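Spelled out from the first residue to the last, the chains are:
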Amino acid sequence: MTESPGRSPARWSISRKPFAEGSRALETRAVHPPAPPPQEGRPVAPPLDPSSTYSFSATETFARASLAKTGAGYVYSRWANPTVDAFEAAVADLEGTEAAEAFASGMGAISSIFLALCSSGDRVVATRQLYGNTYSLLQERLPRYGITASFCDHDDHSAIAAALDGAKLLYCETIGNPKVQVADLDRLSTIARDADVPLVVDNTFASPVLCRPVEHGASVVVHSATKFIGGHHDLLGGVVCASPQLLELVATVARDLGPTLAPFNAWLGLRGIATLPLRVERSSASALKVARALQLCEGVDAVYYPALESSPSYPLVGALLQGRGGGTLAFEVRGGRERAGAFQDALRLIL
Ligand SMILES: Cc1ncc(COP(=O)(O)O)c(C=O)c1O
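These numbers were taken from a predicted model, which means no experiment stands behind them. (Residues numbered from 1 in each chain as written. Predicted model: local features only at pLDDT ≥ 70, side-chain atom pairs only at ≥ 80, totals over all residues. Heavy atoms only, no water.)

A.B. asks: Could you clarify how one ought to interpret the overall build of the chain in this entry?
C.D. replies: Broken down by element type, the chain carries 13 helices and 9 strands. Counting only C-alpha atoms and orienting by the principal axes, one finds that the chain spans roughly 100 × 55 × 35 Å. Counting over 351 residues, the chain shows a buried share of 41%. Restricting the contact set of the chain to residue pairs at least 6 apart, pairs at least 24 apart contribute 69%. When the accessible area of the chain is evaluated, it comes to approximately 19700 Å², of which 56% is carbon and sulfur surface. Positive and negative charge centroids in the chain, built from 31 and 35 side chains respectively, lie 9 Å apart. (Helix = DSSP H or I, 4+ residues; strand = E, 2+ residues; numbered from the N terminus. Buried < 20%, exposed > 50% of the residue type's maximum accessible area, 1.4 Å probe, protein only. Contact = heavy atoms within 4.5 Å. Areas by Shrake-Rupley, 256 points an atom, 1.4 Å probe, with all protein chains shown as cover. Lys, Arg positive; Asp, Glu negative; His and termini not counted. Charge placed at Lys NZ, Arg CZ, Asp CG, Glu CD.)

A.B. asks: Explanation requested: the pattern of salt bridges in the structure shown.
C.D. replies: Pairing is possible between side chains that carry opposite charge, provided their charged atoms lie close to one another. Following the criterion strictly, the structure yields 8 salt bridges and no others. Here Arg255 ties to Glu248 by a salt bridge, and the two come within 2.8 Å at their closest N and O atoms. Overall, Glu248 belongs to the partly exposed group, its relative accessible area being 41%. Taken together, the salt bridges that share partners define one network made up of Glu298, Asp301 and Arg334. (Salt bridge = Lys/Arg side-chain N within 4 Å of Asp/Glu carboxyl O.)

A.B. asks: Explanation requested: the domain arrangement of the chain in the structure shown.
C.D. replies: Size of an interface, as often reported, equals the accessible area lost when the parts are brought together. According to the domain assignment, the chain contains domain 1 (59-273) and domain 2 (276-346). Look at where the C-alpha atoms of domain 1 and domain 2 centre, and you get two points 26 Å apart. Opposite the 28 residues of domain 1 that make contact, domain 2 presents 23 residues. Here domain 1 and domain 2 share 0 salt bridges between them. (Domains from an automatic or database assignment.)

A.B. asks: Please clarify how the site of the ligand should be interpreted in this entry.
C.D. replies: Taken together, 14 residues sit near the ligand, with Gly106, Asp202, Ser224, Thr226 and Lys227 positioned nearest. The separation between an oxygen atom of the ligand and a polar main-chain atom of Gly106 is 2.8 Å. Measuring from an oxygen atom of the ligand, one finds a side-chain N or O atom of Asn177 at 2.9 Å. Relative to its unbound accessible surface of 390 Å², the ligand loses 91% to contact with the protein. Take the shell around the ligand: its biggest share by element is 3 residues, from helix H4 (residues 106-117). Classifying every residue of the shell around the ligand by side-chain character gives 4 nonpolar, 7 polar and 3 charged. (Near = heavy atom within 4 Å. Polar contact = N/O pair within 3.5 Å; in protein donor to acceptor, adjacent residues only side chain to side chain. Nonpolar A, V, L, I, M, F, W, Y, C, P; charged D, E, K, R; others polar.)

A.B. asks: Which parts of the structure should I look at to understand helix H5 (residues 132-141)?
C.D. replies: Spacing of three or four residues puts side chains on the same side of an α-helix, whose turn is 3.6 residues. Within H5 the residues assigned to the buried category are Thr134, Leu137 and Leu138. Buried residues of H5, seen end-on, are gathered within an arc of 85 degrees and therefore sit on one face of the element. Where H5 is buried, its residues contact H4, strand S2 (123-127), strand S3 (148-152) and strand S4 (170-173). (Arc of directions from axis to C-beta.)

A.B. asks: What is the right way to look at the packing of aromatic side chains in this model?
C.D. replies: Geometry of an aromatic ring pair is reported as the spacing of the ring centres plus the angle between the planes. For the structure on display, the rule yields 7 aromatic pairs. Taking 5.2 Å as the distance between ring centres and 45 degrees as the angle between the ring planes, the aromatic pair formed by Phe114 and Tyr171 counts as tilted. A residue pair is termed long-range when its members are at least 10 positions apart, and Phe114 in helix H4 and Tyr171 in strand S4 qualify at 57 residues. Of the two residues, Phe114 and Tyr171, neither departs from the other in class, the shared state being buried. Ring geometry for Phe264 against Trp267: centres 6.1 Å apart, planes inclined by 10 degrees, an arrangement best described as stacked. Within this pair, Phe264 and its partner Trp267 are both found in helix H10 (residues 263-273), separated by 3 residues, close to a single helical turn. Relative accessible area serves as the criterion here: at 25%, Trp267 is assigned to the partly exposed category. (Phe/Tyr/Trp six-rings, centres within 6.5 Å; stacked < 30°, edge-to-face > 60°.)

A.B. asks: What should I look at first to understand the nonpolar core in this one?
C.D. replies: Side chains that are nonpolar tend, in soluble globular proteins, to be buried together. In this structure, Phe87 and Leu321 are the most contacted members of the largest nonpolar core, which totals 46 residues. When residues of this core are assigned to domains, at least three fall in each of domain 1 (59-273) and domain 2 (276-346). Apart from residues lying up to four places away in sequence, Leu321 is in contact with Thr174, Ile175, Val182, Ala206, Leu210, Cys211 and Leu316. (Core = buried A, V, L, I, M, F, W, Y, C linked by side-chain atoms within 4.5 Å.)

A.B. asks: Sorry if this is basic, but what is going on with the sheet that holds strand S7 (residues 238-242) here?
C.D. replies: Adjacent strands of a sheet pair through backbone hydrogen bonds, lying either parallel or antiparallel. Strand order across the open sheet formed by 7 strands is S1-S7-S6-S5-S4-S2-S3, with mixed pairing between neighbours. Where the open sheet ends on each side, the last strands, each with one partner, are strand S1 (99-103) and S3. On average, each strand axis in the sheet is tilted by 20 degrees relative to the strand beside it, whichever way the strands run. As paired elements, S2 and S3 share 5 bridges and run parallel to each other. What sits directly across from Thr127, in S3, is Cys152. Along the sheet face, helix H7 (residues 185-194) touches S4 and strand S5 (199-202) and points at about 150 degrees away from the line of S5. Contacting S1, strand S6 (220-224) and S7, helix H9 (residues 244-257) crosses the sheet at an angle of about 20 degrees to S1. (Pairing = 2+ DSSP bridges. Axes fitted to C-alpha atoms, helices over the stretch in contact; angles between N-to-C directions.)

What follows is the structure, given as structure tokens:
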């Protein structure tokens, strides 16, 4: 009887691959797996490089790179990382600045700016129309370290000019959170220049699609990348855009305190940026429709949205925001907190 080929012992045998690295132990090979063969094709998606640390074949090169921290080869990802660098370059390019520094969150970015540009005994001027944690940072936390803030309404330009006497910087949001008032960046940058201080602008709600504050005289632009730049509810991030000289001060704080962006979040940010113009365009159009519909609602006392003709910010929308109002709006439900809570609890679609 002849043996069927299917039953041949050779069918199931596997030749043992000789170990390329000689007789290294399994534990060693687990840490140093074989490198994949080089490929001709270039990845279309940006590569994700999660490495925290980089190795060098020559001590001299390592020493040089360690001394330079950035620009002479990657050493350690709290200093610089290729995926984070790619994200920073993308945001800087959209904002029209030479450079950017990314952070683990918007608040990481914002607090690093104040710590970089101010010392104990310094005072800053900020508009009152600010995101809550920026306000508490300036009102409660930084004073414990000797940095104080004067607050002025974003449109009280004479008060801002007066308060800037002896101050270190002027801080505002392009579109203030939560009541979406638009700051007149051209006026504010002129006032800041007259006082010889930088204008720092949180451009989170406008995004670089609607507004690029450096075109209106700002010196520093900051984003919570958690919002429009990320755009998918799956990353926390922040980014500061400025000149390389100013940015070096901010980057030093990041290196010392450590609130740097993780490579995976930078990669998600790059993924988000690809659709940023489309999303901002569409969410601005949707927000305007919702704002107009809310204006007609019985039971809504006030609607805040810059692109509504009734908004005090409306005259700035053309010059500053390309005629759009952004994707955020606010409104007041008649009947106070209890009615507003009941309204919110009854929502079926909105988060
Ligand atoms: C205008 C603005 N700036 C800064 C922040 C803080 O950003 P993050 O939550 O990423 O720290 C927020 C968060 O909501 C914000 O709305």
